[in-house]
Protein chains: 2
Amino acid sequence: MTRSPPLLHFDHNASTPVDAAVLQEMLPFLAERSGNPSSTHSVGREARVAVDRARARVAGVVAARPDQVVLTAGGTEANNLAVLGAAREAASRGRHVLVSAVEHASVLGPCSRLREEGFEVEVVPVGRDGRVDPRRVAGAVRRDTTLVCVMAANNETGALQPVLEILRLLPSGVLLHCDATQVPGKVPLGEIVRKPHLLSLSSHKVHGPKGAGALVVRTPARPQPLLFGGGQEHGLRPGTENVPALVGFGAALERAAARTDEYVRTVGARTRALLAHLLDGIPGSRLLGPEDPASRLPNTFALSFPVRDGRALVPALDLAGILASSGSACASGAPEPSHVLAGMGVSREEASRTVRFSLGREVEEWDAEEAARRIRRALDPLLVAHGRQI
Amino acid sequence: MTRSPPLLHFDHNASTPVDAAVLQEMLPFLAERSGNPSSTHSVGREARVAVDRARARVAGVVAARPDQVVLTAGGTEANNLAVLGAAREAASRGRHVLVSAVEHASVLGPCSRLREEGFEVEVVPVGRDGRVDPRRVAGAVRRDTTLVCVMAANNETGALQPVLEILRLLPSGVLLHCDATQVPGKVPLGEIVRKPHLLSLSSHKVHGPKGAGALVVRTPARPQPLLFGGGQEHGLRPGTENVPALVGFGAALERAAARTDEYVRTVGARTRALLAHLLDGIPGSRLLGPEDPASRLPNTFALSFPVRDGRALVPALDLAGILASSGSACASGAPEPSHVLAGMGVSREEASRTVRFSLGREVEEWDAEEAARRIRRALDPLLVAHGRQI
């Protein structure tokens, strides 16, 4: 009887397991501490204190004031609130919005909606490496531009975007929204989370629970709410606060940020080693996205493989106990190739045989050379041009 | 040393503790089963199966097809999606919306927003008992009326609304939205959850976790989405599904519905007994809302007390280990008196000295006469006209 090899979870950009320590903080609020933060009695106030603490922890990580943090049900809601809320609020001053070609569906979706509402949304292309050119963004700004949306790091290629350079080139009064859901814990958080006027965060990308996120709103941004009801979240996001999820989010974000150095060192090294072994061991495989590791998230790379039918890649890896993603998880199921790869000039055909690997903290559990060998073995029956073996 | 008496949790309409059995079903999805349902690998599919099962359980309780269930982050989001989404979708046919005066803030808030968008929202008054007259609703319907919003049961008074009578009187083509967040597990769910075109449900009101809810959408309703992004929830609610919360919601809703008969019998009897003891023991106290228990939720009543300063009521009860609510939890913190009581013709002054008691399943843990005595003792220093002692 053979022991099955350990699961290789290389799909952390889709979702991450909840930290055991984070879950411990959440559990009381899933059981006896069941108050509604809007209730004025002791059990309600206990829940209110917990939400306030979570808010303060999020604020601490991004160097914001707690009243600048709008807690949401996730990154998608934060992105919607930022894009729809800010563009609509500024509509009397202008209706021109700039958005990078590689934004997440939860930014591009609201942009399509803005078009239906009469806004002009201009898509700023990216280079072959998937990065936006700050001068192209600045050059596209018009007198009626009110909002620019550029993410901190792309979920599919890991490409880090020059958000701060863009900010420096933007005229004052133009708001910058930055979808930063993929960066906490993966890169040192400096000005990139302090400077954007609107910053989106997600809990389940940083080993927190699903169902929580935040939009950080800084002057002069003042998005209109999308939902209406109780006055929760400064009137920007009504509904009983999801106390346990927000408690977990605050704890997870703080932990992730505090361990960034270690993550960059360990996950970064192992990711580069795995990539090198794969490129070397599977001739015809090609890295899509920035060549320079310093321009990518330390845990992420997208590789195209020389196979005839790309649809078999993720299932073949899955059968071998290796989790990975074809295109972004949010777009999977759809037959369309990734808009991120298309935006980089990758052909439809090559995009269809591309796999995104996004590694996680558990790098001690596996060896890069052995993992590359497992991947090669899993894909071997699919590879067109058999070359060097790892 | 005296043992402190057990906590009397009489604020279940604000939020309920998560059932132990429900939490057990959730826990795996808060730990190792961390997949994103949009991921196509095994761990993602496992999450997808869990969400589909939760959806099927919700659908089962309301006798809907699973594809008629839109899973949301809670009741507030469901109400917003129903009101804003349905009214906007029908805007080309008409812009007249009818809404009862006692709806929750998460229905009235979207209605205010609709007014800003040029809709005409007409508020249908309620009687002194807090109930809507079906003929008044039907009489207010115009050719350009597209949507009528009447809740199943009011959260503050427990008043059951004649939703089915209203439905029978509505011309075909006019949609009925019913906020049913307060009814599952409390009243037998018959046609009231099967007939409305749009039905809102909430998880944390039925001993499920916070952060989950649903909008059940039946033909011909077809609300526009409020948020945009991934294609989740038939395109009506994007964002990574909150798998553990939805798993808990499905389990909790099913359990609550299955135990309704026992709940009606036990909680109903204890609630009526507590109310009788309070009315008898505190002269000058007055029941607000329907007199007939059959017209109220079995667990809910609102009582005004003869005190000078109503603001002291909830804190005094709280100090005595009794959780209750002044007005609805969602509106608390606001100095305004409850719009529900105002709508019933209750004076501002009397509303300010009103307490909502909403009991829960744990009726075996306390005795009605003893609970009434504790309440009387807690309020005694505040009562203006001291009368009969319990």
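Along each chain, the written sequence defines residue order, and numbers are assigned to residues from 1. By the order in which they are written, chains take letters starting at A while ligands take numbers starting at 1. At least 70 in pLDDT is required for a residue's local features to be given in this predicted model, at least 80 for side-chain atom pairs to be given and counted, and no such filter applies to totals for whole chains, interfaces and linings, which use all residues. Side-chain numbers come from the whole structure's heavy atoms, not from hydrogens or water.

Draft legend 1. Up close: the interface of chain B and chain A. Two residues form a contact once any of their heavy atoms are found within 4.5 Å. Contacts between the two partners involve 57 residues from chain B and, on the opposite side, 57 residues from chain A. Here the buried area means the combined drop in accessible surface, using a 1.4 Å probe, for two parts upon being joined, counting both sides. For the pair chain B and chain A, the summed buried surface comes to about 4,400 Å²; carbon and sulfur atoms form 58% of the total. Taken as a group, Leu30(B), Lys210(B) and Phe228(B) account for 16% of the area that chain B buries against chain A, more than any other trio of residues on that side. In what follows, salt bridge is the name for a side-chain nitrogen of Lys or Arg lying within 4 Å of a carboxyl oxygen of Asp or Glu. Our enumeration of links across chain B and chain A arrives at two salt bridges.

Draft legend 2. Geometry of the packing of helix α9 (residues 260-281) of chain B against helix α13 (residues 368-379) of chain B. All names here are of chain B. Viewed as axis vectors pointing N to C, α9 and α13 meet at an angle of 45°, and their least axial separation amounts to 9 Å. Our classification of the angle between α9 and α13 gives oblique. In this structure, α9 meets α13 at a crossing whose hand is right-handed. Residue-level contacts link Arg-270, Ala-273, Leu-274, His-277, Leu-278 and Gly-281 of α9 to Ala-368, Glu-369, Ala-371, Ala-372, Ile-375 and Arg-376 of α13. An axis is simply a line fitted to the C-alpha atoms; with a helix, the fit covers only the stretch in contact. Between two such axes, the angle follows the N-to-C directions and lies from 0 to 180 degrees. Only DSSP runs of H or I covering at least 4 residues are called helices, and only runs of E covering at least 2 are called strands; the numbering of each starts at the N terminus. For classification purposes, an angle smaller than 35 degrees is called roughly parallel, one larger than 145 roughly antiparallel, one from 65 to 115 roughly perpendicular, and anything else oblique. Each crossing gets its handedness from the near helix: less than a right angle anticlockwise from the far helix is left-handed, clockwise is right-handed.

Draft legend 3. Region of interest: the domain arrangement of chain A. Residue and element names in this part refer to chain A. In this entry, domain limits derive from an automatic or database-based domain assignment. For chain A, the assigned domains are domain 1 (8-16 + 260-389) and domain 2 (20-258). Here the C-alpha centroids of domain 1 and domain 2 sit 27 Å apart. Contacts between domain 1 and domain 2 engage 33 residues on the former and 34 residues on the latter. Taken as a group, Thr-16, Thr-260 and Leu-297 account for 23% of the area that domain 1 buries against domain 2, more than any other trio of residues on that side. Put simply, the parts of the chain that give the side of domain 1 that touches domain 2 at least two residues each are α9 (260-281), β10 (300-304) and α11 (339-343). The leading source of residues in the side of domain 1 that touches domain 2 is α11, at four residues. All residues other than Ala, Val, Leu, Ile, Met, Phe, Trp, Tyr, Cys, Pro, Asp, Glu, Lys and Arg, Gly among them, are scored as polar; the first ten of these are nonpolar and the last four charged. Looking at the side of domain 1 that touches domain 2 residue by residue, the class counts come to 14 nonpolar, 15 polar and four charged.

Draft legend 4. Structural detail: the nonpolar core. Within the largest apolar cluster, 135 residues are counted, with the highest numbers of intra-cluster contacts made by Leu201(A) and Leu201(B). Not counting the four nearest positions on each side in its chain, Leu201(A) is found in contact with Val58(A), Val62(A), Gly74(A), Gly75(A), Ala180(A), Thr181(A), Pro184(A), Gly213(A), Ala214(A), Val216(A), Phe249(A) and Leu253(A). Core analysis: the second largest hydrophobic core is formed by 54 residues, Ala78(A), Val97(A), Val107(A) and Leu84(B) among them. Put simply, buried Ala, Val, Leu, Ile, Met, Phe, Trp, Tyr and Cys residues joined by side-chain atoms within 4.5 Å make one nonpolar core. When a residue's accessible area, from a 1.4 Å probe over protein chains only, is under 20% of the maximum for its type it is buried; when over 50% it is exposed; and in between it is partly exposed.

Draft legend 5. Structural context of the pattern of salt bridges. All names here are of chain A. In the structure shown here, the tally under the stated rule is 50 salt bridges over all chains. One salt bridge in this structure joins Arg-55 and Glu-233, with 2.7 Å as the shortest N-O distance. Of this pair, Arg-55 sits in helix α2 (residues 42-61) while Glu-233 is found in the loop between β8 (213-217) and α8 (243-258), placing the two residues 178 residues apart along the sequence. A single burial state applies to Arg-55 and to Glu-233, both of which are buried. Asp-309 serves as the salt-bridge partner of Arg-311, at 3.2 Å between the closest nitrogen and oxygen.

Draft legend 6. Here's a closer look at the relation of the copies chain B and chain A. Superposition of the copies used a least-squares fit over C-alpha atoms from residues whose pLDDT is at least 70 in both. Mapping chain B onto chain A leaves a residual RMSD of 0.0 Å; the transformation is a rotation of 180° accompanied by 0.0 Å of translation along its axis. The operation mapping one copy onto its partner corresponds to a two-fold rotation axis. Comparing interface residues between copies, 100% of those in chain B also lie at the interface in chain A; the contact surface is shared.

Draft legend 7. A look at empty space enclosed by the protein. We place a 1 Å grid over just the protein atoms. Points where a 1.4 Å probe fits but has no way out form a cavity, open points with protein on both sides within 12 Å along at least 5 of 7 lines form a pocket, and any residue with an atom within 4 Å of a point lines it. Grid points are joined across faces, edges and corners, and a volume is the space filled by probe spheres set on the points. Enumeration according to the criterion identifies 14 cavities of 30 Å³ or more in this entry. Taken as a whole, the largest cavity encloses approximately 540 Å³ of empty space. Lining the largest cavity are 47 residues, and of these Thr240(A), Ala73(B), Gly74(B), Gly75(B) and Thr76(B) lie nearest its centre. Per-element accounting of the lining of the largest cavity gives the leading share, four residues, to helix α3 (residues 75-89) of chain B. Considering only residue class, the lining of the largest cavity consists of 13 nonpolar, 23 polar and 11 charged. Roughly 320 Å³ of volume is contained in the second largest cavity. In terms of lining, the second largest cavity is formed by 30 residues, of which the most central are Thr76(A), His104(A), His204(A), Lys205(A) and Thr240(B). Among the residues forming the lining of the second largest cavity, the class breakdown is seven nonpolar, 18 polar and five charged.

Draft legend 8. Inspection of the pairing of strand β12 (residues 354-358) of chain A at higher detail. All names here are of chain A. Judged by how many residues are buried, β12 sits mostly within the fold: five of five residues are covered. The two faces of β12 match: Thr-354, Arg-356 and Ser-358 on one face and Val-355 and Phe-357 on the other face are all buried. Strands were regarded as paired on the criterion that DSSP finds at least two bridges between them. Both β10 and β12 contribute to a ladder of five bridges, which runs antiparallel. Residue pairing across strands places Ser-304 opposite Thr-354, the latter belonging to β12.

Draft legend 9. Summary view of the sheet that holds strand β10 (residues 300-304) of chain B. All names here are of chain B. With antiparallel pairing, the three strands of this open sheet are ordered in space as β9-β10-β12. Strand pairing shows two members of the sheet lacking a second neighbour, β9 (286-288) and β12 (354-358), which therefore form its edges. Sheet twist, expressed as the mean angle between neighbouring strand axes with direction ignored, is 35°. Bridge count for β9 against β10 is three bridges, and the pairing is antiparallel. Bridge pairing in β10 links Leu-288 to Ala-302. Sheet strands in contact with α9 are β9 and β10, and its direction is about 10° off that of β10.

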